[in-house]
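Reading the structure
For reference, the chains in residue letters:
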Amino acid sequence: ADGQEICSMKNQERRVAAKCFVRPGDNQAVMVAAGLPEPPPGKQYQLWVANEEGQQPLDPFEPHDGVAVVPIDPPASLDHYTEIMVTVEDAGGAQTPTIDTTILAGKF
């Protein structure tokens, strides 16, 4: 309830939108997304944080009725990252993002 918005993402073509929030002084954040279709069979959405050194995979997730509330809990301080994105990956997640399946992307 007292979170500060740190990112807003939209995919007009797919009618998907998301916002990311963090509490001041906290290393954990949350992404709230709406309009996500169910992923194809055998696939899941996956959240990524990135900086100039590369992308860091976070846990895969599935929406419920098009909505997902996903914790953002990167291994390094959140201040270490400049970008965030959501991709569609094989169930269980990936270690490298499949860029051509990017649903949302934004900057912190």
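Source: prediction; values computed, not measured.

1. Some words on the packing of aromatic side chains
Within the structure shown, the criterion is met by 1 aromatic pair. Ring geometry for Tyr 45 and Phe 61: centres 5.7 Å apart, planes at 25°, overall stacked. In this pair, Tyr 45 sits in strand S4 (residues 43–51) while Phe 61 sits in strand S5 (residues 54–61), placing the two residues 16 residues apart along the sequence. Given the relative accessible area of 2%, Tyr 45 is considered buried. On the accessibility criterion, Phe 61 (8% relative accessible area) is buried.

2. So, the pattern of salt bridges
Proximity of charged atoms lets side chains of opposite charge pair with each other. Enumeration according to the criterion identifies 3 salt bridges in this entry. As a salt-bridge pair, Lys 43 and Asp 90 come within 2.7 Å of each other at their nearest N and O atoms. Taken as a pair, Lys 43 in strand S4 and Asp 90 in strand S7 (residues 83–90) lie far apart in primary sequence, 47 residues in all. Exposure remark for Lys 43: the relative accessible area of 31% places this residue in the partly exposed category. Since its relative accessible area comes to 47%, Asp 90 is described here as partly exposed. Of the charged contacts, one joins Lys 107 and Glu 83 as a salt bridge, the two residues approaching to 3.6 Å between their closest N and O atoms. Of this pair, Lys 107 sits in strand S8 (residues 102–107) while Glu 83 is found in strand S7, placing the two residues 24 residues apart along the sequence. Exposure remark for Lys 107: the relative accessible area of 60% places this residue in the exposed category. Given a relative accessible area of 33%, Glu 83 falls into the partly exposed group.

3. Considerations on the environment of Ile 84
Here Ile 84 shows up in strand S7. Along the sequence, Ile 84 and Cys 7 sit 77 residues apart, while their C-alpha atoms lie 8.4 Å from each other.

4. Points about the nonpolar core
Residues Met 31, Leu 47, Phe 61 and Ile 72 are the most contacted members of the largest nonpolar core, which totals 25 residues. Here this core gets 4 residues from one element, more than from any other, and that element is strand S2 (residues 16–22). Discounting chain neighbours no more than four positions away, the residues touching Phe 61 are Met 31, Leu 36, Gln 44, Tyr 45, Gln 46, Leu 47, Ala 68, Val 70 and Val 86.

5. Some points on the pairing of S2
Burial along S2 is one-sided: Val 16, Ala 18, Cys 20 and Val 22 are buried, while Ala 17, Lys 19 and Phe 21, pointing the other way, are not. One ladder, built from 7 bridges, connects strand S1 (residues 4–11) with S2; its direction is antiparallel. Paired with Met 9 across the bridge in S2 is Ala 18. Here S1 folds back onto S2, and the loop between the two strands holds 4 residues, one of which, Arg 15, carries a positive phi near 60°. Note: S2 against strand S3 (residues 29–34), 6 bridges, orientation antiparallel. Each bridged residue has a counterpart across the sheet, and for Ala 17 the counterpart in S3 is Ala 34.

Reading the values: rules and limits
Residues numbered from 1 in each chain as written. Predicted model: local features only at pLDDT ≥ 70, side-chain atom pairs only at ≥ 80, totals over all residues. Heavy atoms only, no water. Phe/Tyr/Trp six-rings, centres within 6.5 Å; stacked < 30°, edge-to-face > 60°. Helix = DSSP H or I, 4+ residues; strand = E, 2+ residues; numbered from the N terminus. Buried < 20%, exposed > 50% of the residue type's maximum accessible area, 1.4 Å probe, protein only. Salt bridge = Lys/Arg side-chain N within 4 Å of Asp/Glu carboxyl O. Core = buried A, V, L, I, M, F, W, Y, C linked by side-chain atoms within 4.5 Å. Contact = heavy atoms within 4.5 Å. Pairing = 2+ DSSP bridges.

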